[in-house]
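# A look at the structure
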Amino acid sequence: MKLNALQALVAAIEEGSLRAAARRMGMSQPALTKTVRELEHELGSRLLMRSSKGVVPTAQGKVLFDHALSVSRELGTAVDRIQQLGGNMVGELSIGAVPLAVMLLIPETLRTFGTSYPDIRLRISEELYIAQLQRLRLGEVDVAVGGIPAGLSSGEFLVEPLLQTRMVVVVRKGSPHETATSLKALVSARWVYTGAAQHEGYARQLYESSGLPAPRVGAMVNSTLALISLVGSGDFVGLLPIQIARHPLCARYLSIVPVAEQGLPLTVGAMVRSDATVSPAVRHFIAHLHRAAHQAEGGAIAPV
């Protein structure tokens, strides 16, 4: 199986057109069609379904497409790392970051890292740590920057602690829950959970750490923006990192509830896969994250 045949298949599926795929590959359409057909003959399976509207993958084609993407990504990473080991700092880094990191760490990191290594392209995606870890496992991001979850497997990820924060209880201004003085007083309120399932989320962790039953789920969201929107427009209760809760954009609409409990401590860190070779670019990026954390409010943890 030839690499150019896999690249031709990927181009055809991503473009949805053999003509567009041929232009992308810098070859004629008949040549690209022949390459794909030879690949189909080699595997004994039809990989593309052709119609007047273009091409789409068959079930077999989708399987090969997914693996071909992974191969292409790994080869591209290998080329970049070889260049970097030779002192030529080029390539691309994909970073997954939680909103707190995007607010406190990423801007300064991009400024200093971009100045030092202008030929490395940075791709930043903002998402919850649950989605981050899944993308990190799949190799879709090189570094995940977010809260270090309890029970994180030390054998699966390498973790660099960066910043300490705490999650505080927030409600909309004027909410009947605004003057609550304990978590127990809020146990029957409608809480916004972040995560993929009811048994996940910082709200459950906060209550369980205080020896209380988890509050009822009023809504489940997969983004901080959705949490802020729900809490800010209704009588929901949620948890936010204190730096976000105090930010002027949030403080106009949300109040930190003065519960006696101190909130949920959270360590923000950088995570990489333990089974992946850490490239020079990733090492330098994490070093710049440490510098940004040192400047951020809330105190930083020295690099290990």
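Residues numbered from 1 in each chain as written. Predicted model: local features only at pLDDT ≥ 70, side-chain atom pairs only at ≥ 80, totals over all residues. Heavy atoms only, no water.

Right, let's get into empty space enclosed by the protein. With the rule as written, the count across this model stands at one cavity of 30 Å³ or more. The volume enclosed by the largest cavity comes to roughly 280 Å³. Every residue lining the largest cavity is counted, 23 residues in all, and those nearest its centre are Leu128, Met167, Thr194, Tyr202 and Thr224. Of all the secondary-structure elements, those providing two or more residues to the lining of the largest cavity are helix H5 (99-104), helix H7 (129-137), strand E7 (190-194), helix H8 (202-209), helix H9 (224-233), strand E9 (236-241) and strand E11 (264-273). Here the residues of the lining of the largest cavity sort into 19 nonpolar, four polar and no charged. (1 Å grid on protein atoms, 1.4 Å probe; cavity = no way out; pocket = protein on both sides within 12 Å on 5 of 7 lines; lining within 4 Å. Points joined across faces, edges and corners; volume = space filled by probe spheres on them. Helix = DSSP H or I, 4+ residues; strand = E, 2+ residues; numbered from the N terminus. Nonpolar A, V, L, I, M, F, W, Y, C, P; charged D, E, K, R; others polar.)

Before going further, it helps to examine the packing of aromatic side chains. Summed over the entire model, instances satisfying the criterion amount to three aromatic pairs. Ring centres 5.1 Å apart and planes at 50 degrees place the aromatic pair phenylalanine 113 and tyrosine 117 in the tilted group. For phenylalanine 113, a relative accessible area of 0% translates into the label buried. When the centroid spacing of 5.4 Å and the interplanar angle of 75 degrees are considered together, the rings of phenylalanine 113 and phenylalanine 285 count as edge-to-face. With phenylalanine 113 in helix H6 (residues 106-116) and phenylalanine 285 in helix H12 (residues 280-295), this residue pair connects regions lying 172 residues apart in the sequence. For phenylalanine 285, a relative accessible area of 0% translates into the label buried. The side chain of arginine 190 reaches across the aromatic face of phenylalanine 236, ending 4.2 Å from its centre. (Phe/Tyr/Trp six-rings, centres within 6.5 Å; stacked < 30°, edge-to-face > 60°. Buried < 20%, exposed > 50% of the residue type's maximum accessible area, 1.4 Å probe, protein only. Lys NZ or Arg CZ within 6 Å of the ring centre and 35° of its normal.)

Further remarks concern the environment of valine 10. For valine 10, the position within the fold is in helix H1 (residues 3-15). Along the primary structure valine 10 and leucine 69 are separated by 59 residues, whereas in three dimensions their C-alpha atoms are 7.2 Å apart. Setting aside anything within four residues of it in sequence, one finds valine 10 in contact with Arg24, Phe65, Ala68 and Leu69. (Contact = heavy atoms within 4.5 Å.)

Right, let's get into the pattern of salt bridges. With the rule as written, the count across this model stands at 11 salt bridges. Its salt-bridge partner being glutamate 108, residue arginine 111 comes within 2.8 Å of it at the nearest N-O pair. Within this pair, arginine 111 and its partner glutamate 108 are both found in helix H6, separated by three residues, close to a single helical turn. Linked by salt bridges that have partners in common, Glu14, Glu15 and Arg24 make up one network. (Salt bridge = Lys/Arg side-chain N within 4 Å of Asp/Glu carboxyl O.)

By themselves, these are just geometric observations and shouldn't be taken as functional.
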